[in-house]
Amino acid sequence: MSDIKTVGVIGAGQMGRGIAHVFAVSGYDVVLNDISAGQLEAARSTIAKNLARQTAKGLIDEAAEKTALGRIKTSTGLDDLAACDLIVEAASEVQGVKKDIFDNLKGKLKENAILASNTSSLSITGLAAGTDRPENFIGLHFMNPAPVMKLVEVIRGIATSKETFARTKGVVESLGKTMTVSEDFPAFIVNRILMPMINEAIYTLYEGVGSVEAIDTGMKLGANHPMGPLELADFIGLDICLAIMQVLYEGLADSKYRPCPLLVKYVEAGWLGRKTGRGFYDYAGETPVPTR
């Protein structure tokens, strides 16, 4: 773990709570921060359930489960991150929100603390420029769900120092994750490839080529994907899918990345997938039912 012992995680949503879980299980003390006390309470409950599930599967023992949960402290104030050696921002995938957080962190962190963003698409160089430590800033993109997925994308901005990269690499290795290094271009590697596929699946639905069920069944059984692209979009969140497609479209100025109008409509309707109970599937019953 080298010199990094305490990790701050900003944002207690789906990604933030998963990242906090991963660090705690790996022996780090964690400060999980969010502006909402209710969100923090829900996050702690979810982490406890997920740790218990890992124990039931024999992945960790009961002592490790209890110790990991005890390592996680919660906080609603950014001042509580002052002692952290690494801070991972996992707030909404909205550039303005992230920049406001980084602006509010100025003067609150240790001089050599690494500041990382879990952004899945935004420019690391651009985010770093708004901080007081661009040389200590890096992209640390965990896959969802973080406790299960093995990959972490690491993205260096123009100003990221070699020392910051080396320290971050050591952290990823200590988590038992596999690291892949991406250049700082829109959506990096995984989402640069994944999101256009999902967007094309939505176009296929939009143009009436196939139904929701036909598209997902086709890709699961015809391409051996564990989850169909529309089912996966619902799992990720349609608002996140749209945000990433907009970053690709605007950042690369190529019409092939134009978000499907149907994706835009679903987001406008508030049909964001699993987290709202409805997206390309309706999750009200025991079995998800296609909405189109």
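- Looking up the chain in an unreviewed UniProt entry gives the name 3-hydroxybutyryl-CoA dehydrogenase, with the organism given as Hyphococcus luteus.
- Recorded in UniProt for the chain, the comment headed Sequence similarities (unreviewed entry) runs: "Belongs to the 3-hydroxyacyl-CoA dehydrogenase family."

## Focus: the UniProt feature "domain: 3-hydroxyacyl-CoA dehydrogenase NAD binding" (unreviewed entry) in the chain
Part 1 of the reasoning: Residues given the UniProt feature "domain: 3-hydroxyacyl-CoA dehydrogenase NAD binding" (unreviewed entry) here are residues 6-183.
Part 2 of the reasoning: Annotated as 40% helix and 22% strand, the span residues 6-183 places its first and last C-alpha atoms 27 Å apart.

## Describing helix H1 (residues 14-25)
Side chains that are three or four residues apart share a direction in an α-helix, a result of its 3.6 residues per turn.
Part 1 of the reasoning: For H1, spanning 12 residues, the distance from its first C-alpha to its last is 17 Å, which sits close to the expected 16 Å at 1.5 Å a residue.
Part 2 of the reasoning: Burial runs high along H1: 10 of the 12 residues are buried.
Part 3 of the reasoning: Remark: Gly27 follows H1 within two positions and exhibits a positive phi of approximately 100°.

## Some thoughts on the packing of aromatic side chains
Part 1 of the reasoning: This structure, assessed with the given rule, holds seven aromatic pairs.
Part 2 of the reasoning: Between Tyr266 and Trp271 the ring centres are 5.5 Å apart and the planes differ by 90°, which places this aromatic pair in the edge-to-face class.
Part 3 of the reasoning: Its relative accessible area of 6% is what places Tyr266 among the buried residues.
Part 4 of the reasoning: Assessed through its relative accessible area of 29%, Trp271 is described here as partly exposed.
Part 5 of the reasoning: For the ring pair Tyr281 and Tyr283, a centre distance of 6.4 Å and an interplane angle of 50° mean the geometry is tilted. Here Tyr281 and Tyr283 have matching classes, each one buried.
Part 6 of the reasoning: The ring of Phe165 has Arg156 lying over it, and the distance from NZ or CZ to the ring centre is 4.0 Å.

## Remarks on the side chain of Glu93
Part 1 of the reasoning: Note on placement: Glu93 falls in the loop between strand S4 (86-89) and helix H4 (95-105).
Part 2 of the reasoning: What makes Glu93 buried here is its relative accessible area of 16%.
Part 3 of the reasoning: Polar contacts involving the side chain of Glu93 include one to the side chain of Thr119, which spans 2.7 Å.
Part 4 of the reasoning: Side-chain polar atoms of Glu93 contact the side chain of Ser121, separated by 2.8 Å.

## With respect to the nonpolar core
As a rule of thumb, nonpolar side chains are buried together in soluble globular proteins.
Part 1 of the reasoning: Residues Ile19, Phe23, Leu32, Leu86 and Phe142 are the most contacted members of the largest nonpolar core, which totals 35 residues.
Part 2 of the reasoning: With six residues, H1 is the largest single contributor of residues to this core.
Part 3 of the reasoning: Contacts of Phe23, omitting those with residues within four sequence positions, involve Val7, Tyr28, Val30, Leu86, Val88, Phe142, Val171 and Leu175.
Part 4 of the reasoning: Judged by nonpolar contacts, the second largest core, of 27 residues, contains Ala201, Ile202, Tyr281 and Tyr283.

## Here we look at the pairing of S4
Part 1 of the reasoning: Both faces of S4 are covered, namely the face carrying Leu86 and Val88 and the face carrying Ile87 and Glu89.
Part 2 of the reasoning: Looking at chain direction, strand S1 (residues 6-10) and S4 are connected through four bridges and run parallel. Looking at the pairing, Val7 lines up with Leu86 of S4.
Part 3 of the reasoning: Relative to strand S5 (residues 114-117), S4 is paired through four bridges, and the arrangement is parallel. If you follow Ile87 over to S5, its bridge partner there is Leu115.
Part 4 of the reasoning: With H4 bridging S4 and its parallel neighbour S5, the resulting β-α-β unit is right-handed.

## Comments concerning the domain arrangement of the chain
Part 1 of the reasoning: Structurally, the chain comprises domain 1 (6-183) and domain 2 (189-290).
Part 2 of the reasoning: Across the boundary between the two partners, domain 1 contributes 14 residues, which contact seven residues of domain 2.
Part 3 of the reasoning: Between domain 1 and domain 2, a total of about 800 Å² is buried, with carbon and sulfur atoms accounting for 61% of that surface.
Part 4 of the reasoning: For domain 1, the biggest contributors to the area lost against domain 2 are Ser120, Ser121 and Glu153; these three give 39% of the whole.
Part 5 of the reasoning: Across the domain 1-domain 2 interface, the total number found is zero salt bridges.
Part 6 of the reasoning: Inspection of the region where domain 1 meets domain 2 yields three residue pairs in polar contact (both at pLDDT 80 or more).
Part 7 of the reasoning: For the side of domain 1 that touches domain 2, the secondary structure elements donating two or more residues are strand S7 (151-156) and strand S8 (178-182).

## What about the UniProt feature "binding site: NAD(+)" (unreviewed entry) in the chain?
Part 1 of the reasoning: The sites that carry the UniProt feature "binding site: NAD(+)" (unreviewed entry) are, in the present numbering, Gly11, Ala12, Gly13, Gln14, Met15, Gly16, Asp34, Glu93, Lys98, Ser120, Asn144 and Lys275. Those annotated residues from the list above that line the largest pocket are Gly11, Ala12, Gly13, Gln14, Met15, Gly16, Asp34, Glu93, Lys98, Ser120, Asn144 and Lys275.
Part 2 of the reasoning: Residue position: Ala12 is located in the loop between S1 and H1.
Part 3 of the reasoning: Sequence-distant contacts of Ala12, defined by excluding residues within four places in its chain, comprise Arg17, Leu32, Asn33, Asp34, Gln39, Leu40 and Ala43.
Part 4 of the reasoning: Excluding residues that lie within four positions of it along the chain, Lys98 makes contacts with Glu89, Ala91, Ser92, Glu93, Ser117, Thr119, Leu122 and Leu127.
Part 5 of the reasoning: A distance of 3.2 Å separates a polar atom in the side chain of Lys98 from the backbone oxygen of Ala91.

Reading guide: rules and limits
Position numbers for residues start from 1 in each chain and track the written sequence from start to end. The model is predicted, so local features are restricted to residues of pLDDT at least 70 and side-chain atom pairs to those at 80 or more, both for listing and for counting; the totals for chains, interfaces and linings are taken over all residues. Side-chain metrics rest on all non-hydrogen atoms present in the structure, leaving aside hydrogens and water. UniProt positions are given in the numbering used here, feature names are shortened, and annotations may be inferred rather than shown by experiment. Going along the chain from the N terminus, every DSSP run of H or I of four or more residues is numbered as a helix, and every run of E of two or more is numbered as a strand. Take the residue count of a helix, subtract one, and multiply by 1.5 Å to get its expected span. Relative accessibility under 20% of the residue-type maximum defines a buried residue, over 50% an exposed one, and the middle range a partly exposed one, all with a 1.4 Å probe and only protein chains included. Stacked, tilted and edge-to-face are the three classes applied to pairs of Phe, Tyr and Trp rings, where Trp contributes its six-membered ring and a pair requires centres within 6.5 Å; stacked means planes under 30 degrees apart, edge-to-face means over 60, and tilted covers the rest. By definition, being over a ring means that NZ of Lys or CZ of Arg is both within 6 Å of the ring centre and within 35 degrees of the ring normal. Between N or O atoms, a polar contact is any pair within 3.5 Å; within protein, one atom must be a potential hydrogen donor and the other a potential acceptor, and residues adjacent in sequence are included only when both atoms are from side chains. Side-chain atoms within 4.5 Å are what join buried Ala, Val, Leu, Ile, Met, Phe, Trp, Tyr and Cys residues into a set we call a nonpolar core. For this analysis, residues touch if any pair of their heavy atoms sits within 4.5 Å. Strand pairing follows a simple DSSP-based rule, namely that at least 2 bridges must link the two strands. When the strands point away from the viewer, a crossover counts as right-handed if the route from the first strand across the helix to the second turns clockwise. Domain segmentation is taken from an automatic or database assignment of domains. Buried area counts how much accessible surface, traced with a 1.4 Å probe, disappears from two parts once they are put together, with both parts' losses summed. The working definition used for a salt bridge is a side-chain nitrogen of Lys or Arg within 4 Å of a carboxyl oxygen of Asp or Glu. In this analysis the probe radius is 1.4 Å and the grid spacing 1 Å, with only protein atoms considered; a cavity is a set of points the probe fits into but cannot get out of, a pocket is an open set with protein on both sides within 12 Å along at least five of seven lines, and lining residues have an atom within 4 Å of a point.

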